[in-house]
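What the coordinates show
Next come the chains, spelled out residue by residue.
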Amino acid sequence: MKNTKLNKESIAGSSRTGNGNIFYSEKAHCLFLFFSTLLLYSQTSSFGFNLDDEIIQLIISRIDSNWDGIKTIFIQEFGKYDYRPITVFVFWLESKIFGAISPGISHVINSVLYAFLSVQIYRYIIFLRFVNDKKMNVIFAFFAVLFFVVHPNHVSVVANIKSRDNILSMLFGILSNIQMLKYLADRKKIRILYFVLLFTLALLSKYDAYVFGFLPILYVILYKGEFKKNILSLLLLSALLMVVFTLHNFLIQEVIGIDNVRPVVDSPLANAHSYLDIVSLSLTSLFYYIKFSVLPFGHYFYFGYNQIPLAKLWDFKNILAIFTVLAVLGYSIYRYKENKAYLFMMLFYGGAILYALNFFVPVSGIVMDRYNFIASLAFCMFYVLVIIDSYGTGNKLYIGLLVIPVFAIFTIVRTSDWRSKEKLYNADIKHLENSAHANYLLGALYVNNALFDNVTKADADNMVDKGEYYIDKSIAINPNITTSLEGKGVCQLYKGRYTDALYYFGKTLQIDSNYISASHYMALSYRDLAKNDSADYWFRYTFSNMKYGNVRYIENYLNFLHSVGRSSEIDSTIKVFKQRWPNNKDIETLVLN
């Protein structure tokens, strides 16, 4: 099937295709995609908070609930090394409307946004017109998006509240590209402004949207008949993209002051930096992303060191990754004259996943299925187009598309694992025996439940023992992860082994002297040993390194002052804290135990 050049008719879509036949109705397709997506993820409305959701809760807790909070949103980092103000704004708006970040409401919002995204992707594919026949183009768009919707790769995005940043970045990215495609048809200059605005919103949601800045350029270049006509537009677009990327990086590094260079800890590259090591890990990472796309299982919540060890360059996984790339490239070139869409999709996939290959910088967890979220759209389109080109409209077409209900079943089952942290971690840990961080997360979950849940002393002791078991496994895999060392210290502190606790907190601070929770636990350990001067030192050390006022830490210090007969200092200390963190309203509500 040959490509169709861009024109007003192609951009207008084919809503009248099929002479009223609902099978070819774009409106019917959009409604089906929207509501079937909501149905697919309906079970998440009863889910609780899960992996990394505490990041959102912590960030929102630091922002005023009044409209002055908007300023704070745009001048603070996301986590420690990122800047995602649009994502934070959406969560802040949710908390303002509903009074708080509630897991049930947040999960429903994620599902609705994902459903809306599916409709916009459908419109985007319709506008691309990769299939010449209008009816078949509609069918192609529908099944490509349906495959995308049901793909298990996306469970960790939709069922994880924090991962709304992935949905928003892709949504704004798709909308920006729709505007550029419309501009190429009608030449309305206002659409360039819309493109820049939407693309900027995408980057400010999450930086993985960068690929949407280059897709319009790639699309026009592949259609040689349109290249000369659009050369000025391409030059203008390239210049605008340079301005957007430059301003974005300047804002992050110079204005906000975020150091976006992450320390290499949870990666095999922490102790290996040769070029061959980097290339090898990049190929291994690519293998996993291809695996995430092709297979409906194996999408675990975390990998990390040393679940994916550094392999030799000619390891089987690396060879298979190279072979797959060459095979797809060869097929795309072979079909180029007949349909350039294959090459577009391949380059789309490669460009979208490039940032997560551990080639330019090591990424958290080595690989994650959520990193494959945008790239997987290219895979879904590629697969469905191959099926349509191979089988047309015959019965074999639907045999080839049986993968969709099969993947949907896996998605429903996998989604149920995300009901709670405990269910998710326990479901996956047997597949993550060599992951230091995965073992730590399960161990920390047990310890936190023992410390903060309303459980009996016997149950708490049992939970701490379980937690320490997994934390010990984590330290055995990687003895230099601060979270695990601190977790081990907390277990010792709980059991009254204060000297051992101080040892592990001290090791944590040797690796990262600004690890404020470890220094706070140092203070608590010295407090329980009745070494008041040392306890006071570490409390003060904690506050000196604390960017935001942690009310629990402050309460512990005030109670410490009271317990050692220094109650007269409490009022003046609270005043100092108020001056230090004037926007923290919780400090005014402090009550001594």
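One numbering rule holds for all chains: residues counted from 1, following each sequence as written. Per-residue local features are limited, in this predicted model, to residues with pLDDT of at least 70; the limit for side-chain atom pairs, both in listing and counting, is 80 or more; totals at the level of whole chains, interfaces and linings are taken over all residues. Note: side-chain values were computed over all heavy atoms of the structure, leaving out hydrogens and water.

**A look at the overall build of the protein chain**
Put simply, DSSP H or I for four residues or longer makes a helix, DSSP E for two residues or longer makes a strand, and each gets a number counted from the N terminus. Within the protein chain, the secondary structure is distributed over 28 helices and zero strands. Using C-alpha atoms as the atom set, the radius of gyration is obtained and then compared with a globule rule of 2.2 Å times the number of residues to the power 0.38. The globule rule puts the C-alpha radius of gyration for 593 residues at 25 Å, and the 26 Å found for the protein chain is close to it. Relative accessibility thresholds used throughout: buried, under 20% of the residue-type maximum; exposed, over 50%; partly exposed, between the two (1.4 Å probe, protein chains only). Considering the protein chain as a whole, with its 593 residues, one finds that 56% of them fall into the buried category. By definition in these notes, contact holds between two residues if any of their heavy atoms fall within 4.5 Å. For the protein chain, contacts bridging at least 24 residues in sequence account for 72% of all contacts bridging at least 6. Here the accessible surface of atoms and residues is derived via Shrake-Rupley with a 1.4 Å probe, and residues count as covered only by protein chains that are part of the display. On the protein chain, roughly 26200 Å² of surface is accessible, and the fraction owed to carbon and sulfur atoms is 61%. In the protein chain, the 56 positive side-chain charges and the 44 negative ones have mean positions that sit 11 Å from each other. Positive residues here are Lys and Arg, negative ones are Asp and Glu, while His and the chain termini are left out of the count. Charge coordinates come from a single atom per side chain, which is NZ of Lys, CZ of Arg, CG of Asp or CD of Glu.

**Quick notes on the packing of aromatic side chains**
Any pair of Phe, Tyr and Trp rings, taking the six-membered ring for Trp, is counted once the centres come within 6.5 Å. Such a pair is stacked with planes under 30 degrees apart, edge-to-face with planes over 60 apart, and tilted for the rest. Summed over the entire model, instances satisfying the criterion amount to 46 aromatic pairs. Here F195 and F199 contribute two aromatic rings whose centre-to-centre distance is 5.8 Å and whose plane-to-plane angle is 0 degrees, an arrangement assigned as stacked. In this pair, F195 and F199 are both assigned in helix α10 (residues 190-203), four residues apart and thus about one turn of the helix distant. Using a relative accessible area of 1% as the deciding quantity, one classes F195 as buried. On the accessibility criterion, F199 (0% relative accessible area) is buried. Members of the aromatic cluster, connected to one another through ring pairs, are F287, Y288, Y289, F292, Y300 and F303. The ring of Y24 has K135 sitting right over it, with the charged end atom 5.3 Å from the ring centre. Counted as over-ring charges are cases with an Arg CZ or a Lys NZ within 6 Å of the ring centre that also lie within 35 degrees of the ring normal. The lysine or arginine in question, R187, covers the ring of Y183, its NZ or CZ lying 5.4 Å from the ring centre.

**Examining the confidence of the model for the protein chain**
Known as pLDDT, the predictor's confidence for each residue is given on a scale from 0 to 100. Per-chain confidence: the protein chain averages 89 in pLDDT, with 91% of residues scoring 70 or above. No element of the protein chain has a lower mean pLDDT than helix α1 (residues 8-12), which averages 43, and none a higher one than helix α8 (residues 155-158), which averages 98. Here residues 1-19 scores under 50 on pLDDT; set against residues more than four positions off or in separate chains, the count is 47 contacts.

**Looking at the environment of V384**
Relative to the assigned elements, V384 resides in helix α17 (residues 373-391). Distance from V384 to F543, taken between C-alpha atoms, is 56 Å for residues 159 residues apart in sequence. Look past the residues within four positions of V384 in its chain and what remains in contact with it is F140, F143, A144, F147 and L401.

**Remarks on the environment of L58**
Along the polypeptide, L58 turns up in helix α3 (residues 53-61). By relative accessible area, L58 is classed as partly exposed at 43%. Taking the C-alpha atoms as reference points, L58 and D277, separated by 219 residues in sequence, lie 37 Å from one another.

**So, the pattern of salt bridges**
In the sections that follow, a salt bridge refers to a side-chain nitrogen of Lys or Arg positioned within 4 Å of a carboxyl oxygen of Asp or Glu. Evaluated as defined, the whole model comprises 20 salt bridges. One salt bridge in this structure joins D82 and R84, with 2.8 Å as the shortest N-O distance. Since its relative accessible area comes to 9%, R84 is described here as buried. The shortest N-O distance in the salt bridge between D417 and R414 comes to 3.2 Å. Placement of the pair is D417 and R414 together in helix α19 (residues 403-417), with a separation of three residues, close to one helical turn. Using a relative accessible area of 11% as the deciding quantity, one classes R414 as buried. Residues joined by salt bridges that share partners form a network here, namely D465, E468, D472, K488 and K495.

**Focus on the side chain of H151**
Mapped onto the elements, H151 comes out in the loop between α7 (134-150) and α8. With residues near it in sequence (within four places) discarded, H151 still touches Y41, F292, S293, L295, H299, F379, C380, F407 and T411.

**Some points on the nonpolar core**
In this structure, L117, F140, M170, F301, F344 and F348 are the most contacted members of the largest nonpolar core, which totals 177 residues. If you tally residues by element for this core, the top one is α7, at 14 residues. With near-sequence residues (within four places) excluded, F301 lies in contact with L51, R414, W418, L424, Y425, D428, L432, A438 and L441. Residues enter a nonpolar core if they are buried and are Ala, Val, Leu, Ile, Met, Phe, Trp, Tyr or Cys, with the set joined through side-chain atoms within 4.5 Å. Counting 11 residues, the second-largest nonpolar core is a separate cluster that includes I59, I60, I73 and I101.

**Brief notes about helix α6 (residues 103-128)**
With 26 residues, α6 ought to run about 38 Å at 1.5 Å a step, and its terminal C-alpha atoms sit 37 Å apart, in line with that. Positive phi appears at R129, one or two residues downstream of α6, with a value of about 50 degrees. Helix span is expected to be 1.5 Å times the residue number reduced by one.

**Details of unusual backbone geometry**
A cis amide bond links Y305 with the next residue in sequence, N306, at an omega value of 0 degrees. Here N306 lies in the loop between α14 (275-294) and α15 (316-334). One non-glycine residue, D52, lies in positive phi territory at about 65 degrees. Structurally, D52 can be placed in the loop between α2 (26-40) and α3. Located in the positive-phi region is R129, a residue other than glycine, with phi close to 50 degrees.

**Points about the packing of helix α9 (residues 164-186) against α17**
In a pair of packed helices, the angle between the axes and the distance between the axes together describe the arrangement. As a rule, the C-alpha atoms of each element are fitted with a line to give its axis, helices using only the stretch in contact, and angles between N-to-C directions run from 0 to 180 degrees. Their axes nearest at 9 Å, the elements α9 and α17 cross at an angle of 55 degrees. In terms of their interaxial angle, α9 and α17 are classed as oblique. Residues N166, I167, S169, M170 and I174 of α9 form the contact with α17, whose own contacting residues are F373, I374 and L377. Nonpolar residues are Ala, Val, Leu, Ile, Met, Phe, Trp, Tyr, Cys and Pro. Charged residues are Asp, Glu, Lys and Arg, and all others, Gly as well, are polar. In terms of residue class, the contact of α9 with α17 is built from six nonpolar, two polar and no charged. Working rule for angles: under 35 degrees goes down as roughly parallel, over 145 as roughly antiparallel, 65 to 115 as roughly perpendicular, anything else as oblique.

**A closer look at the packing of helix α23 (residues 482-494) against helix α25 (residues 516-528)**
As a packed pair, α23 and α25 sit with axes 11 Å apart at the nearest point and diverge in direction by 20 degrees. Put simply, α23 runs roughly parallel to α25. As for the relative orientation of α23 and α25, their crossing is left-handed in sense. Residues E486, V490 and L493 of α23 touch α25, and the partners they reach there are S517, A518, Y521, L524, S525 and D528. For the contact of α23 with α25, a count of residues per class yields five nonpolar, two polar and two charged. Note on convention: near helix rotated counterclockwise from far helix by under a right angle means a left-handed crossing. Clockwise means right-handed.

**Re the environment of S65**
Structurally, S65 can be placed in the loop between α3 and α4 (69-73). Taking relative accessible area as the criterion, S65 reaches 58% and is therefore assigned exposed. C-alpha separation for the pair S65 and A100, spaced 35 residues apart in sequence, amounts to 9.7 Å. Discounting residues that sit within four places of it in the chain, S65 has contacts with W92 and K96.

**Considering a nonpolar patch on the surface**
For patch building, the residue pool is restricted to those with more than 30% relative accessible area and no salt bridge; the joining distance is 9 Å between like charges and 5 Å between nonpolar side chains (Val, Leu, Ile, Met, Phe, Trp, Tyr). Residues Y275, L276, L354, F359, F360 and V361 make up a contiguous nonpolar surface patch of about 630 Å² in total accessible area. Locating V361 in the fold gives a position in the loop between α16 (341-353) and α17. Relative accessible area serves as the criterion here: at 49%, V361 is assigned to the partly exposed category.

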